[in-house]
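Observations on the model geometry
For reference, the chains in residue letters:
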Amino acid sequence: MRSARRVAAALAAVGLVLTGVVTAAAPAAAAPYCGIRWGSLPERAGDLGAGSVRDVRAGRHACFDRLVVDVDGDAGGYVVSYVDVVRAPGSGERVPLRGGAALQVVAQVPAYDRDDGSATYDPVDARELVDVDGYRTFRQVALAGSFEGTTDLGLGVRARLPFRAFLLDGPGDGSRVVVDVAHRW
């Protein structure tokens, strides 16, 4: 009887150890940070739009920082990718950015009126479009330039983190190019 109890106790101990191993392994299989399943490869959608840039703004969310390019009319599309250096369209001049990584955001619309060439978006400081002090991921948002129907922005981020880009309709006849960058992997 005593040996049967010892065997039962030994089996129970092995069961606890195995349960501990399974429990210890569970975090590796846990859901990604905030459920985010984005990546860091280039994203592209659409083509040249009929609208024009009217504003650039940013916001903080629990799991990511968001950049929004407001467009009067159809935003058309975007190209967003990590680059070694953001360059101004046309001139190719380097656009310096703070942060450990740089995203080049190309909105497929100009920041000028196509009929008369007047600016539709004329920021006070092209190197600091949005105050991102206190943001977890964003370090700087800069206007690289608007050339041949597109507008390029430089987004300095803390590190090469997952991002997503998409278009939203509205408000009214307007639309938006949106870029979200996760706080961590």
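Coordinates for the structure precede this section.
This brings us to the overall build of the protein. What the protein contains, in helices and strands, is 1 helix and 11 strands. Helices and strands in the protein line up, N terminus first, as α-β-β-β-β-β-β-β-β-β-β-β. Within the protein, the proportion of its 185 residues that are buried is 43%. Surface summary for the protein: the accessible area is close to 10,200 Å², and the carbon and sulfur share equals 53%.

The tally for this structure, following the rule as stated, stands at 6 salt bridges. Residues Asp 72 and Arg 54 are paired through a salt bridge, measuring 2.9 Å at the closest nitrogen-oxygen approach. Here Arg 54 lies in strand β2 (residues 52-60) and Asp 72 lies in strand β3 (residues 64-72), a separation of 18 residues in the sequence. Assessed through its relative accessible area of 35%, Arg 54 is described here as partly exposed. The network of salt bridges with common partners includes Arg 66, Arg 164 and Asp 180.

Reading across from one edge, β1-β4-β7-β9-β8 is the order of the 5 strands in this open sheet, with antiparallel pairing throughout. The two strands at the open ends of the sheet, each matched to only one other strand, are β1 (43-45) and β8 (138-147). Taking the axes of each pair of neighbouring strands and ignoring which way they run, one obtains an average angle of 15° across the sheet. Pairing geometry for β1 and strand β4 (residues 78-83), over 3 bridges, is antiparallel. Bridge pairing in β4 links Ala 45 to Tyr 78.

Moving on, we come to the nonpolar core. In terms of nonpolar packing, the biggest core is built from 32 residues, with Val 56, Leu 67 and Val 181 touching the most fellow members. Every element with two or more residues in this core is listed here: β2, β3, β4, β7 (101-107), β8, β9 (150-157), β10 (163-169) and β11 (175-182). No other element matches the 4 residues that β7 contributes to this core. Residues within four places of Val 181 in sequence aside, it is in contact with Trp 38, Phe 64, Asp 65, Tyr 82, Leu 103, Thr 137, Phe 138, Leu 155, Val 157, Leu 161, Pro 162 and Phe 163.

With that out of the way, let us pick up the packing of aromatic side chains. In this structure the tally under the stated criterion is 3 aromatic pairs. Between the aromatic rings of Tyr 135 and Phe 138, the centroid separation amounts to 5.9 Å while the plane-to-plane angle is 5°, which identifies the pairing as stacked. Each member of the pair Tyr 135 and Phe 138 is classed as buried. Residue placement shows Arg 164 over the ring face of Phe 64; its charged tip is 5.5 Å from the ring centre.

Let us now look at the side chain of Arg 176. Its location among the elements puts Arg 176 in strand β11. Despite its burial, Arg 176 pairs with no opposite charge; the closest candidate is Asp 70, at 4.9 Å N-O. Engagement of the side chain of Arg 176 in a polar contact is seen with the backbone oxygen of Asp 169, the distance being 2.9 Å. At 3.0 Å, the side chain of Arg 176 and the backbone oxygen of Gly 170 are in polar contact. When residues no more than four places from it in sequence are discounted, the contact partners of Arg 176 are Arg 57, Val 68, Val 69, Asp 70, Phe 166, Leu 167, Leu 168, Asp 169, Gly 170 and Pro 171.

Moving on, we get to the side chain of Ser 175. Position of Ser 175 among the secondary structure elements: in strand β11. Of note is the side chain of Ser 175, whose polar atom sits 2.6 Å from the backbone oxygen of Gly 73. A distance of 2.8 Å separates the side chain of Ser 175 from the backbone nitrogen of Ala 75, its partner in a polar contact. Here Ser 175 is in contact with Val 69, Asp 70, Val 71, Gly 73, Asp 74, Ala 75, Leu 168, Asp 169 and Gly 170, once residues within four sequence places are set aside.

Calculation notes
- Residues numbered from 1 in each chain as written.
- Predicted model: local features only at pLDDT ≥ 70, side-chain atom pairs only at ≥ 80, totals over all residues.
- Heavy atoms only, no water.
- Helix = DSSP H or I, 4+ residues; strand = E, 2+ residues; numbered from the N terminus.
- Buried < 20%, exposed > 50% of the residue type's maximum accessible area, 1.4 Å probe, protein only.
- Areas by Shrake-Rupley, 256 points an atom, 1.4 Å probe, with all protein chains shown as cover.
- Salt bridge = Lys/Arg side-chain N within 4 Å of Asp/Glu carboxyl O.
- Pairing = 2+ DSSP bridges.
- Axes fitted to C-alpha atoms, helices over the stretch in contact; angles between N-to-C directions.
- Core = buried A, V, L, I, M, F, W, Y, C linked by side-chain atoms within 4.5 Å.
- Contact = heavy atoms within 4.5 Å.
- Phe/Tyr/Trp six-rings, centres within 6.5 Å; stacked < 30°, edge-to-face > 60°.
- Lys NZ or Arg CZ within 6 Å of the ring centre and 35° of its normal.
- Lys, Arg positive; Asp, Glu negative; His and termini not counted.
- Polar contact = N/O pair within 3.5 Å; in protein donor to acceptor, adjacent residues only side chain to side chain.

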